[in-house]
Amino acid sequence: MSGSNTSTKPNSIGSGNTVELQPQGSPLGFSKQEIMREKAETIPAWVNNHVDSGYDSLVAGIQQASSSQGYGFDSDKPKILVVDDGAESRMTAVDLLAMEGYEVIEADCGAAAIALIAQKQPDLILLDVMMPEMDGFEVCQIIKQDEQTRQIPIIFITALNDKRSRVRSIESGAGDFLTKPFDRLELAARVKSLVQQKRLNEDIDHAEQVLFSIARAIESRDPNTGNHCERLVQLGKEFGEYLNLSYNQIRDLMWGGYLHDIGKVGIPDAILLKRGKLTSEEWEVMRQHVLIGEQICQPLRATRGVIPIIRHHHERWDGSGYPDSLKGDKIPYLAQIFQIIDIYDALSSERPYKPAYTPEEAIQIMTEETAKGWRNFQLMQQFTEFISKRDRNS
Ligand SMILES: [Fe+2]
């Protein structure tokens, strides 16, 4: 078997011609993790069930979704792409992997590999370093620069004595490297481990998507808020950039826009949607939304940075907020920032019970509240400057 040759060097993932091998054999059992991957179309039902049945089952569902164990789907074999210009060593790898039960596809040059990756979305790439036209490092660079493919693990294939290539393999962000000639057990173990890791990451990504779907469903339950979350995401991004926050901090602020009130899924409609004032008992229940939200997001690694926002977005600078009555800088910085944008958006948007205040009126109200000791004075000043600059530019 051989892949196609082409002398042109693509600079992005595209399509091309290669030959693929569909081996017979039993799967290795990786596909037991596939429920979230395979069942994307079932997510709405899952979301609805859990939204209806309260937050305990919601937490359990998300924990289950983020786990890699316990699902019984064997239909999707992990797909491995072998890229090697040497027919003999390529065939050896293909045969070994086919015997292990993988679906194997192959390419005999970098350009063919790039084309095939877009077409077939492999779970792992076995990539020869030394190839004519485009070497393995160039191929790796293209894969890692593309948002769609950068998560695919790569194992470089190097010659036994090529220490320099092995060092460069590690530096280039590949998952691992192997030396020729292949040791069957070593190849099987490395491939299995990286494929499992990739699929686990995908499961987590899917669990996050479920979480965001739930957050949107909750927002749509509350007729008071309109597109509050979307506006918070935009405001979080702009104010975060204005404050020169790091990429991760800005991302957490933006995610906070969607997830900060996710705990409202556990608040009964009779309280959440009540017209008129809440009783003190009802307020007590309403305040639980920050703790419920924290519990929901706890199992997911990717939402770790958002949890302080979820838990602490109702604290006040003077300690009169909830749930922990934190004071001053004890309140996580991102929660302080988030609270400011959350309140600004609530004030400057129309709600059934109030008109939209102008930016000046909203800032005026917030400045008075800051004078009462509710917010970080310096941060509020920065926000005021940010809003006036933003309005001047719009
Ligand atoms: Fe809240």
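Residues numbered from 1 in each chain as written. Predicted model: local features only at pLDDT ≥ 70, side-chain atom pairs only at ≥ 80, totals over all residues.

Visitor: Lay out the overall build of the protein with the relevant residues and their values.
Guide: Helix and strand counts for the protein stand at 17 helices and six strands. Going through the 394 residues of the protein one by one, you find that 36% of them count as buried. Within the protein, contacts between residues at least 6 apart in sequence are counted, and of these 69% link residues at least 24 apart. (Helix = DSSP H or I, 4+ residues; strand = E, 2+ residues; numbered from the N terminus. Buried ≥ 20, exposed ≤ 12 C-beta atoms within 10 Å, placed from the backbone. Contact = placed C-beta atoms within 7 Å.)

Visitor: How would you sum up the confidence of the model for the protein? Please name residues and give values.
Guide: The pLDDT averaged across the protein works out to 78; a share of 78% of its residues lies at or above 70. Mean pLDDT in the protein bottoms out at helix H1 (residues 35-38), which sits at 30, and peaks at helix H14 (residues 307-312), which reaches 97. Low confidence marks residues 1-12, where pLDDT is under 50. Its contacts with residues over four positions away, or in another chain, come to 33 contacts. In the predicted structure, residues 14-75 sits below a pLDDT of 50 and forms 119 contacts with residues beyond four places in sequence or in another chain. (pLDDT = per-residue confidence, 0-100.)

Visitor: Can you tell me about the nonpolar core, naming the residues and giving the values?
Guide: Grouped together as the largest cluster of nonpolar side chains are 38 residues, with contacts concentrated most on Ile80, Leu81, Val83, Ala113, Leu126, Leu127 and Val139. Among the elements of the structure, strand S2 (79-83), helix H4 (87-99), strand S3 (103-107), helix H5 (110-120), strand S4 (124-128), helix H6 (136-145), strand S5 (154-159) and helix H8 (184-221) are those that each provide at least two residues to this core. With seven residues, the top contributor of residues to this core is H5. Filtering out sequence-adjacent residues up to four positions away, Ile80 remains in contact with Leu97, Tyr102, Val104, Pro122, Asp123, Leu124, Leu126 and Val191. Counting residues in each nonpolar core, the second largest holds 37 residues, with Ile307, Ile331, Phe338 and Ile341 among its members. (Core = buried A, V, L, I, M, F, W, Y, C linked by C-beta atoms within 7 Å.)

Visitor: Could you give an account of the packing of helix H16 (residues 359-371) against helix H17 (residues 377-393), naming the residues involved and the relevant values?
Guide: Close contact between H16 and H17 brings their axes to 11 Å; oriented N to C, the two are set at 175 degrees. It follows that H16 is roughly antiparallel to H17 by the angle criterion. Contacts from Pro359, Ile363, Met366, Thr367 and Thr370 in H16 reach Phe377, Met380, Thr384, Ile387 and Asp391 in H17. Residue classes in the contact of H16 with H17 are distributed as six nonpolar, three polar and one charged. (Axes fitted to C-alpha atoms, helices over the stretch in contact; angles between N-to-C directions. Parallel < 35°, antiparallel > 145°, perpendicular 65-115°, else oblique. Nonpolar A, V, L, I, M, F, W, Y, C, P; charged D, E, K, R; others polar.)

Visitor: Pulling in residues and values, what's your account of the packing of helix H9 (residues 228-242) against helix H15 (residues 333-348)?
Guide: Their axes nearest at 10 Å, the elements H9 and H15 cross at an angle of 130 degrees. Considered as vectors, H9 and H15 are oriented oblique to each other. When the axes of H9 and H15 are compared, the crossing they make is right-handed. On H15, the residues that touch His228, Arg231, Leu232, Leu235, Gly236 and Phe239 of H9 are Ile337, Phe338, Ile341, Asp342 and Asp345. Looking at side-chain class alone, the contact of H9 with H15 contains six nonpolar, two polar and three charged residues. (Left-handed = near helix turned anticlockwise from the far one by under 90°.)

Visitor: Got a sec to walk through the UniProt feature "modified residue: 4-aspartylphosphate" (unreviewed entry) in the protein? Specific residues and values, please.
Guide: Within this structure's numbering, the places UniProt gives as "modified residue: 4-aspartylphosphate" (unreviewed entry) are Asp128. Sequence-distant contacts of Asp128, defined by excluding residues within four places in its chain, comprise Val83, Asp84, Asp85, Gly136 and Ile157. (UniProt positions renumbered as here; feature names shortened; annotations may be inferred.)

Visitor: Can you lay out helix H10 (residues 247-259) for me, pointing to particular residues and giving the numbers?
Guide: With 13 residues, H10 should reach 18 Å at 1.5 Å per residue; the first-to-last C-alpha distance of 18 Å fits that figure. Listing the buried residues of H10 in full gives Asp252, Leu253, Trp255, Gly256, Gly257, Tyr258 and Leu259. (Expected span 1.5 Å × (residues − 1).)

Visitor: I'd like a rundown of the environment of Ser89, residues and numbers included.
Guide: Mapped onto the elements, Ser89 comes out in helix H4. Residue classification places Ser89 among the partly exposed positions, given that 16 C-beta atoms sit within 10 Å. With 91 residues separating them along the chain, Ser89 and Lys180 place their C-alpha atoms 8.0 Å apart. Once residues lying within four places of it in the same chain are set aside, the contact partners of Ser89 are Asp84 and Lys180.

Visitor: For the pairing of S5, give the residues involved together with the corresponding values.
Guide: Most of S5 sits out of view: five of its six residues are buried. Note that S4 and S5 share four bridges and pair parallel. Bridge pairing in S5 links Asp128 to Ile157. You can see the chain leave S4, run along H6 and come back into S5, and the turn it takes is right-handed. Where S5 meets strand S6 (residues 176-180), five bridges bridge the pair, whose relative direction is parallel. Among the inter-strand pairings, Ile155 is bridged to a residue of S6, identified as Asp176. (Pairing = 2+ DSSP bridges. Right-handed = clockwise from strand over helix to strand, strands pointing away.)

Visitor: Kindly report on the environment of Leu334, identifying the contributing residues and their values.
Guide: Summarising the element assignment, Leu334 is placed in helix H15. Classification of Leu334 as buried rests on a count of 22 C-beta atoms within 10 Å. Separated by 89 residues in the primary sequence, Leu334 and Leu245 place their C-alpha atoms 9.7 Å from one another.

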